[in-house]
Amino acid sequence: MNQANRPLTGPLGHDLLAGLVVFLVALPLCLGIALASGAPMIAGLIAGIVGGLLVGFLSGSHVSVSGPAAGLTAVVVSQIHTLGSFSAFLLAVVLAGVVQIVLGLVRAGSIASFFPTSVIKGLLAAIGVILILKQIPHVVGHDPDPVGEMVFEQGDGENTFSEILAGMFDLHAGAATIGLLSVGLLLLWDKAPWLKKLALPGPLVATLFGIGANAVFALLEENGLGENWLVGPSHLVQVPVAKSASELVGFVTLPDFAAFANPALYLAAGTLAVVASLETLLNLEAVDRLDPQQRNSPPNRELLAQGVGNVVSGLLGGLPMTSVIVRGSVNINSGARTRRSAIFHGVLLTLAVLAIPTLINRIPLASLAAVLLVTGVKLASPRLFADMWKAGRSQFFPFIATVLPIVLLDLLTGVVIGLAVAVLFILESNFRTPLRRIVEHYVTGDVLRIQLANQVSFFNRAALQKTLDEVPRGGRVLLDARGTDYIDPDIQDMLREFRDKTAKAREIELSLVGFQESYALSDDIQFVDYTDHDAQRILSPEEVLTILRDGNHRFVSGQRLERDLRRQARATAAGQTPLAVVLSCIDSRTPAELIFDLGIGDAFSVRVAGNIAAPSLIGSMEYGCAVAGAKLLLVVGHTSCGAVGAAVQYFRENRKASACTGCDNLDAVVDVIQSSIDPAQLAHVHGPDDQRRFVDGVARNNVLRTIEQILAQSGTLRSMVEQGRLRVSGGLYDLTSGVVEFFDPQGLVLRPSTFVRPYSLQPNAPPAIEATVETGSSPRH
């Protein structure tokens, strides 16, 4: 189906309907902002038209809508007064647009990436609160202040709260009826599924309802039935009506180019450019967060589009413009899909001025106020405040520090305060946690790894100094800068002084890794992170068992030791001094080096299907223990073992593995495993769960039978066990949890008391600062 034949409810239809709703909301806002700024009312409409047609076409945003912004009102009033005339101010708008074009070309829009999420959410919530508070008077027909008035302290001497209070005593029956019913209609439209499925958006229905209701009030008044209910011109949209083309042209003010000689012009242009650009980037980021499709708008292209728009608006006699969160949120809530909605709203604004101003002037302000009020409720929902509270103080306080100043002062002030509070929390976080302390337990003893942050600045000096001061005399410390991109010169000086003076005076063994050459802190690893001859000689078999058990704990918790494997490979190239011999299954999911968090040279790894004890394998194990000096022989089976499962299946079916698989030599493996099967128990196995439990039980029995065979067939290993030089234990690795259950040759599960601690923490070691990660089990005693 081609574009022309698509139904109105398709993507184009969504955009046209959304553009119509945005037009209805933008029209009184354009007029109200112009009135609040002390500018001709036509100037607000010109800015809205240019923002819709030109900026909408040039912008890369799909749902943002540009036009005169309430956030610029105070700046506009001030600069008109400073420059002395509105025509001179228009020239400042043109120059501000040129500055924005330059900012876009130099890609200054990237500053948008530095706005914290908490501040952006605070901006959205604040705009929502302002919409609610500012529209309450208009909903009930109290309209002394312009619709576009968004600042707390109003030009008429009132403020947001006093205006609400005054509105409670200045109700207009007809306007209040229309406004309140429009609010109810909009809420119902959002809640009722059958209404949401209709092609017409709720805001458009509310506007049409307002026009129709006022027509009924007019009819009643004509018949003497509804006195004082008719909504008069002061409570309706008021588009300037020109009787002729020349009169329409007379409404327009052109820029005064003679103002180039006024030095204040350039300061005004710079002020407008900076404020308008910041508001645009903030509002663009906020609108993107509301976009249901979560599309990203290019900020540099937006600055270019806004710059071109302000140049044209200023030349035509219009107000400065920005991307406006109010119009953008209404656009999204009305179902907009692409920027065609923004362009269409500009077309309708043009028609409203040129062709149908009288018809537009029949729309009650109360209906449009209802649309804005419900939009505000969506932006500032109680759930948003609750979610920010749950997110923690570092998110909530910048959020609320953005909301309150925007509501009570103005948008930019609120954003600056919110950013300042967010920065304070960032600095506090960096001050408290510029590093991560990890106590690592190697076979040669404990090492305190101090892992530096990505950026280490002078703000982190106190925390880092405190950590180094707390290292006990004779301790071993590793300063790890492998994840660090920048270290402040002050921190470098402090680390060099610690290395050259403090560490030596306090007999601290200091190692360094990951430091850049320019820091004059070359890498220097002084501790041994692999098994050397001394460690192998000193450690007992029970202590080696503890080392493997702790390694499994690290594996399960995801806190494996950060090993320099290339350094270990070089260090062990001349010889090997393993701690243990591990006989495990050939299964690809059971690598002993990983599940026990071992380094290069720490263990002999013997792997065979079903972890059985063939004579040739026993010879390898004898060499590893009697010649290479390993203190522990560990036989490890695992759950859901394929070899064991196949052995059970072939046993039950009374078939040979070689016949079923075509593997000529597989029978030797399967037959050994089948000797661990209890036929009486197998007879009671029914269903997948029973089968799984039975296979895991056979795997455990197979480990015990393997240990029995090793000790029966190897007098060498049996003698080493009797002399206390070797320990033989079993283990069952759970494929799902990663946990290894250790047990003795009789099948008794080894309790915590069995595991002898081979090393201890320094006796006066300080508690870890902030996030302490203990790799392995709890501190040894």
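Use the structure listed above.
Read on for an overview of the structure.

So, how was this worked out
- Residues numbered from 1 in each chain as written.
- Predicted model: local features only at pLDDT ≥ 70, side-chain atom pairs only at ≥ 80, totals over all residues.
- Heavy atoms only, no water.
- Helix = DSSP H or I, 4+ residues; strand = E, 2+ residues; numbered from the N terminus.
- Rg over C-alpha atoms; globule rule 2.2 N^0.38 Å.
- Buried < 20%, exposed > 50% of the residue type's maximum accessible area, 1.4 Å probe, protein only.
- Areas by Shrake-Rupley, 256 points an atom, 1.4 Å probe, with all protein chains shown as cover.
- Lys, Arg positive; Asp, Glu negative; His and termini not counted.
- Charge placed at Lys NZ, Arg CZ, Asp CG, Glu CD.
- Core = buried A, V, L, I, M, F, W, Y, C linked by side-chain atoms within 4.5 Å.
- Contact = heavy atoms within 4.5 Å.
- Phe/Tyr/Trp six-rings, centres within 6.5 Å; stacked < 30°, edge-to-face > 60°.
- Lys NZ or Arg CZ within 6 Å of the ring centre and 35° of its normal.
- Pairing = 2+ DSSP bridges.
- Expected span 1.5 Å × (residues − 1).
- Polar contact = N/O pair within 3.5 Å; in protein donor to acceptor, adjacent residues only side chain to side chain.
- Axes fitted to C-alpha atoms, helices over the stretch in contact; angles between N-to-C directions.
- Salt bridge = Lys/Arg side-chain N within 4 Å of Asp/Glu carboxyl O.

**Regarding the overall build of the protein chain**
For the protein chain, the count of helices and strands is 32 helices and 14 strands. Against the 2.2 N^0.38 benchmark of 28 Å for 781 residues, the protein chain shows a C-alpha radius of gyration of 39 Å, more extended than a compact globule. On the principal axes, the C-alpha backbone points of the protein chain span a range of 115 × 70 × 50 Å. For the protein chain, buried positions account for 53% of its 781 residues. Carbon and sulfur atoms make up 60% of the accessible area of the protein chain, which amounts to about 33700 Å² in all. Both charge centroids of the protein chain, one from 58 positive and one from 67 negative side chains, sit 5 Å from each other.

**With respect to the nonpolar core**
Counting 112 residues, the largest nonpolar core has L27, L45, V237, L319 and V326 as its most contacted members. Setting aside anything within four residues of it in sequence, one finds V237 in contact with L27, P28, L31, I360, N361, I363, L365 and L368.

**Here's the deal with the packing of aromatic side chains**
Enumeration according to the criterion identifies eleven aromatic pairs in this entry. Summarising the aromatic geometry, the rings of F152 and F161 are spaced 5.4 Å apart at their centres and angled 70° between planes, so their arrangement reads as edge-to-face. Overall, the relative accessible area of 44% leaves F161 in the partly exposed class. An aromatic cluster of at least three residues, connected via ring pairs, comprises F385, W389, F396, F397, F399 and F425. The ring of F743 has R700 sitting right over it, with the charged end atom 4.2 Å from the ring centre.

**Some words on the pairing of strand β8 (residues 509-513)**
In terms of burial, β8 is largely enclosed, as four of its five residues are buried. Where strand β6 (residues 476-480) meets β8, five bridges bridge the pair, whose relative direction is parallel. Considered in β8, the bridge of R476 is made with E509.

**Some remarks on the environment of L220**
Its place among the elements puts L220 in helix α9 (residues 202-222). For the pair L220 and L230, spaced ten residues apart in sequence, the C-alpha separation works out to 8.5 Å.

**Comments concerning helix α7 (residues 173-191)**
An α-helical turn contains 3.6 residues, so any two residues separated by three or four positions project in the same direction. Here α7 spans 27 Å end to end across 19 residues, near enough to the 27 Å set by a 1.5 Å rise per residue. Taken residue by residue, α7 has G174, A175, A176, I178, G179, S182, V183, L186 and W189 as its buried positions.

**Observations concerning the side chain of R700**
Tracing the sequence through the fold places R700 in helix α31 (residues 687-713). Side-chain polar atoms of R700 contact the backbone oxygen of G747, separated by 3.0 Å. If sequence neighbours within four positions are ignored, R700 has contacts with L732, E741, F743, G747 and V749.

**With respect to the sheet that holds strand β10 (residues 603-607)**
Here we have five strands laid out as an open sheet, ordered β10-β9-β11-β12-β13, and mixed in their pairing. Each having just a single partner strand, β10 and β13 (740-743) make up the two edges of the open sheet. The average angle at which neighbouring strand axes cross in this sheet is 25°, direction not considered. Relative to strand β11 (residues 632-638), strand β9 (residues 580-584) runs parallel, the two being bridged by five bridges. By the bridge assignment for β11, A580 is matched with L632. Strand contacts of α31: β9, β11, β12 (727-733) and β13, with the helix running at about 165° to β12, the strand carrying the most contacts.

**Re the pattern of salt bridges**
Here the structure, examined in full by the defined rule, presents 19 salt bridges. Its salt-bridge partner being R340, residue D15 comes within 3.1 Å of it at the nearest N-O pair. In this pair, D15 sits in helix α1 (residues 11-37) while R340 sits in helix α14 (residues 340-354), placing the two residues 325 residues apart along the sequence. Judged by relative accessible area, which is 0%, D15 ranks as buried. Take R340: its relative accessible area is 31%, and that puts it in the partly exposed class.

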